[in-house]
Structure formats: structure tokens, C-alpha cells
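# Architecture at a glance
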Amino acid sequence: MMARHFDHAGMEILTREKCLRILHDQTLGRMGFVTDDHEPVILPVAYRFWRGRIYFLSSGGSKLQAASGGRRVAFEIDGWNAAERTGWSVLARGICTPVDEADLAEVAECGLSPWLRTALRPMHWVQILPDEITGRRLPDSQIPPEWD
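Residues numbered from 1 in each chain as written. Predicted model: local features only at pLDDT ≥ 70, side-chain atom pairs only at ≥ 80, totals over all residues. Heavy atoms only, no water.

### So, the confidence of the model for the chain
For clarity, the threshold we go by: The quantity known as pLDDT measures the predictor's confidence residue by residue, on a range of 0 to 100. A run of DSSP states H or I qualifies as a helix once it reaches four residues; a run of E qualifies as a strand once it reaches two. Both are numbered from the N-terminal end.
Per-residue confidence for the chain averages 88 on the pLDDT scale, and 93% of its residues sit at or above 70. Of all helices and strands in the chain, the one with the weakest mean pLDDT is helix H2 (residues 62-68) (80), whereas helix H1 (residues 16-25) scores best (96).

Next comes the structure, spelled out in C-alpha cells:
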């Protein structure tokens, strides 16, 4: 069994390997960034973590603008049990960009199933290239055994 490590607030620090498994197994996250109007925003996205990148589809708006500008973004997933007061969080930070045309066919195989499909607005593939992935959980919080 590996030694557990804790941060200054007493939260257990998850290993990079655990964070990657959790990112792979989840499908809903939140992307945080600053808009062109200098306003902070956090928006939910259905995503897939595949080949070291976070992929999602956007029909336009501020998420696509962030990608088009190659902005740094934060991407977070978490789990919380209010009754047991337990929880965990994984945070990825990196650059958000549109997926290159040449890579679209390959990326479409990542298994992403978007929440909303509409013929009215075309969907665009977006990727986050994380350069930092960290995770925390409350002490004694349970996560699925395959993550531990």
C-alpha cells in the first residue's frame, strides 16, 4: 500500500495515476475560463478523456471562443456525498484549442456522447491539452475501488 499524502488543509492528495483513471471514467465536468469581456465563467460539459486530452463538443458561444483563442482553462470534476460528508475533486489546467481538421475522424472515435444534438447549430470538436492534473479527497472519503 502506498503512503498517503495530505495538503495543508488536511485533504488527501490523489496520485496522478488515480486522477487519470478518474478523468477517464467520468463524463461530466466543468470548464472555467475568462471571457473576452474579462468575466470569469464556469460551464458544464459532457466530455471524454482520451489519449491524454479532454475532448468535448461545442455549438458555439464562449467555450468555442475560448478554444479559438487558445486560452488557458481549468477543468474540474468531482463527487460529493452530502449525507456522509465525503467527496473528491480532480482539476486539470491547460490550453483549450479546436481539434485540427486532420484529426477529426480519429477524435470522433473517442466515445463522446454529447447532451444536446441539434441540426440548427453545427457542433465543433474542442480539446484541452492539460499540463497539470491534480486531485484531492476529504480524509477517509471512499472512491470506487478501481480508483484506489
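### Structural notes on the pairing of strand S7 (residues 72-81)
Regular strands show a simple pattern: their side chains alternate between the two faces of the sheet. Our working definition: Note on pairing: DSSP must find at least two bridges between two strands before they are called paired.
As judged from the three bridges shared by strand S3 (residues 28-34) and S7, these two strands associate in the antiparallel manner. Bridged to Met31 within S7 is Phe75. For S7 and strand S8 (residues 86-98), the ladder comprises ten bridges, and the chain directions are antiparallel. Bridge assignment links Trp80 to a residue of S8, and that residue is Gly87. The hairpin turn running from S7 into S8, its antiparallel successor, is four residues long, and Arg85 in that turn takes a positive phi close to 55°.

### A few points about the side chain of Ser58
Under the convention used in this document: Any two residues whose heavy atoms approach within 4.5 Å are treated as being in contact.
When you line up the elements, Ser58 lands in strand S6 (residues 53-58). Setting aside its immediate chain neighbours within four residues, Ser58 contacts Lys63, Leu64, Pro122, Met123, His124 and Val126.

### A word on unusual backbone geometry
Definition in use: Relative accessibility thresholds used throughout: buried, under 20% of the residue-type maximum; exposed, over 50%; partly exposed, between the two (1.4 Å probe, protein chains only).
One non-glycine residue, Arg51, lies in positive phi territory at about 55°. If you trace the backbone, Arg51 turns up in the loop between strand S5 (48-50) and S6. Positive phi outside glycine occurs at Arg85, with the angle close to 55°. As for its placement among the helices and strands, Arg85 is situated in the loop between S7 and S8. Accessibility expressed as a relative area gives 63% for Arg85, which makes it exposed.

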